[in-house]
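Coordinate analysis (summary)
Now for the letters of each chain:
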Amino acid sequence: MEPGDQARLIVVSNRLPLVLNAREDGGWDAKASSGGLISALVPVLRRRGGVWIGWPGTTEATREEVEPALAAMSETYGCTFKPVMFTQQEMEGFYFGFSNEVIWPLFHDLFTNCNFQPDYWKTYQEVNRKFAAAVAEVARPGDFLWVHDYHLMDLASELRRMGLPSRAGFFLHTPFPPLEIFLRLPWRFEILRNLLEFNLIGFQTLRDRRNFLTCIKVLFNVRVKGTGSVVRVQVPAFGAEPAAMGPGPAQVAQTVSVGAFPIGIDFHAVAGLAARPEVRAKAQALKNDIRGRQMILGVDRLDYTKGLPNKLQAFRNALHHYPELHHRVNLVQHVVPSRKEIPDYRQLRLELEHLIGQINGEFTESGWVPIHYMFHNLGAEDLAAYYLAADIALVTSLKDGMNLVAKEYCAAQIEQAGVLILSEFAGAAAQLQRGALLVNPYDIDGVAAAIQRAFTMPDKERRERMRLLRRTVRTEDVFRWADAFLGATAKGGVAHLTNLEDYLPSAST
Ligand code: F6P
């Protein structure tokens, strides 16, 4: 489907989808980051003529220094990449501070990890204003603005304040928390009110949308119309000051669409990579390295939301309860460095490495070290080889917007015999519940039992489950996601995602 209309598109995200590398001569090179978002959005940007605005990922270079690299990338991709640069103080207050020490933990229900510093909020507003100024430099009347993620929840409001009311959609890549968690946020009214300045607000799952609707109903007494995957919310006219807000009937100022649009991946790109002879050869070499044992694969960014300690404890339990696993499985755990300036992340790394040391110390025997742990960035080809080689993928997020590792694993399973063990609190659980073994990551005995079940699962059942999983991941891909979101922005637009059933834990799963 073509997006809803053909207005020019401006995409805004905290990070530009690229990686910058310093050259020896002092210049910079940019290369596209891997991932579905760029494959889905660049063709739309190219077709509609568009601009992608975001931070290029470094505070070490000036705007003038990175511009030639971005111009070269713009040339390659046929759309413009425009940088927003941060000062060190903005990095601390906006990115590490408000975005990743307030909103990130809060939206993952982990409010005890929040650091509600008033200065962070001030810098968050300033940086949203800075992004709005960058939009104002390129926006033309009629453009459609697509804003991504929790870093930029104030953007539409800042644009209106500048007298630049654009048609704008917002997509939240993380979960949205339940009311009783959201209410902890000291700036709860401001954030919600600013979000309601967007014309369309998209969430990953019905769970997140339900949480958001509950919050705006309780805090602003809004009316919700419709029942489909996109509903309409009648937003009251707010006073200029936060003090003027609060529950109570008010005049309807605008109508906002609110939908669930589970993000997908570029299935064919991942499956195609896994099918390449050099990737197959790497996968075979990885299998040989573990001498025919089953590979249980974990690939997670270093983040306390990923449930890494739970995963390790569950694996330890599995080795305790099911001694037949000894010498017959390896947990191959890749941890990707992330947000290392934040104390909780540094602490987590220490905790993990301590735990891995303990487990390996307890179970290692001559010829078998149960956990292979790597703390590094993994290239796309190596990652595809691990996905292809793995007999079991283990995802134990405590809460996750979607979890694309789960989907990539399925796409790369071209031999179709791998088992996916997936946390029921990952957004992907709603779509993948029929093929995956769903687990509660807090139930470390339950996860251990799922490991044992996957290990002993007959080939026929493995293939049947993986076939279902791959069908969903192939159909509900990132292109469909982009079309559904953009389609919903058009008047009368319809979301074409079908696989939206909410996942509700039940005794039978
Ligand atoms: O899920 C939210 C997200 O922003 C992803 O888009 C990104 O991959 C991840 O978190 C890490 O983000 P960053 O390194 O920019 O903080």
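Remember, predicted model here, so these are calculated numbers, not experimental data.

**Overview of the packing of helix α11 (residues 308–321) against helix α16 (residues 444–456)**
- Their axes nearest at 8 Å, the elements α11 and α16 cross at an angle of 65°. For the pair α11 and α16, the sense of crossing is right-handed. Across from Asn 310, Gln 313, Ala 314, Phe 315, Asn 317, Ala 318 and His 321 in α11, the residues of α16 making contact are Ile 444, Asp 445, Val 447, Ala 448 and Ile 451.
- Partitioned by chemical class, the residues of the contact of α11 with α16 number seven nonpolar, four polar and one charged.

**Examining the side chain of Gln 413**
- Structurally, Gln 413 is set in the loop between α14 (404–412) and β16 (419–423).
- On the basis of relative accessibility, which here comes to 4%, the residue Gln 413 falls in the buried class.
- A polar side-chain atom of Gln 413 sits 3.5 Å from the main-chain amide nitrogen of Ala 417.
- For Gln 413, the contacting residues outside a window of four places in its chain are Tyr 387, Leu 388, Ala 390, Gly 418, Met 466 and Arg 470.

**Let's talk about the packing of helix α3 (residues 88–107) against helix α4 (residues 118–138)**
- At a closest axis distance of 8 Å, the pairing of α3 and α4 adopts a crossing angle of 110°. On the basis of their axis angle, the class for α3 and α4 is roughly perpendicular. In this structure, the crossing between α3 and α4 has a hand that is left-handed. Residue-level contacts link Gln 89, Glu 90, Glu 92, Gly 93, Phe 94, Gly 97, Phe 98, Ser 99, Glu 101 and Val 102 of α3 to Tyr 120, Trp 121, Thr 123, Tyr 124, Val 127, Asn 128, Lys 130 and Phe 131 of α4.
- Per-class residue counts for the contact of α3 with α4 are eight nonpolar, six polar and four charged.

**Side note on the confidence of the model for the protein**
- Per-residue pLDDT for the protein averages 92, and the proportion of residues at 70 or more is 93%.
- Counted against residues more than four places away or in other chains, residues 492–497, with its pLDDT under 50, gives 17 contacts.

**A closer look at the site of the ligand**
- Close contacts around the ligand come from Arg 15, Tyr 95, Trp 104, Asp 149, Arg 301 and Arg 339, and that covers them all.
- Measuring from an oxygen atom of the ligand, one finds a side-chain N or O atom of Tyr 95 at 2.5 Å.
- The separation between an oxygen atom of the ligand and a polar side-chain atom of Asp 149 is 3.4 Å.
- When the ligand sits alone it has 390 Å² of accessible area, and the protein chains cover 66% of it.
- Split into classes, the residues belonging to the shell around the ligand amount to two nonpolar, no polar and four charged.

What counts and what doesn't
Residues numbered from 1 in each chain as written. Predicted model: local features only at pLDDT ≥ 70, side-chain atom pairs only at ≥ 80, totals over all residues. Heavy atoms only, no water. Axes fitted to C-alpha atoms, helices over the stretch in contact; angles between N-to-C directions. Helix = DSSP H or I, 4+ residues; strand = E, 2+ residues; numbered from the N terminus. Left-handed = near helix turned anticlockwise from the far one by under 90°. Contact = heavy atoms within 4.5 Å. Nonpolar A, V, L, I, M, F, W, Y, C, P; charged D, E, K, R; others polar. Buried < 20%, exposed > 50% of the residue type's maximum accessible area, 1.4 Å probe, protein only. Polar contact = N/O pair within 3.5 Å; in protein donor to acceptor, adjacent residues only side chain to side chain. Parallel < 35°, antiparallel > 145°, perpendicular 65-115°, else oblique. pLDDT = per-residue confidence, 0-100. Near = heavy atom within 4 Å. Areas by Shrake-Rupley, 256 points an atom, 1.4 Å probe, with all protein chains shown as cover.

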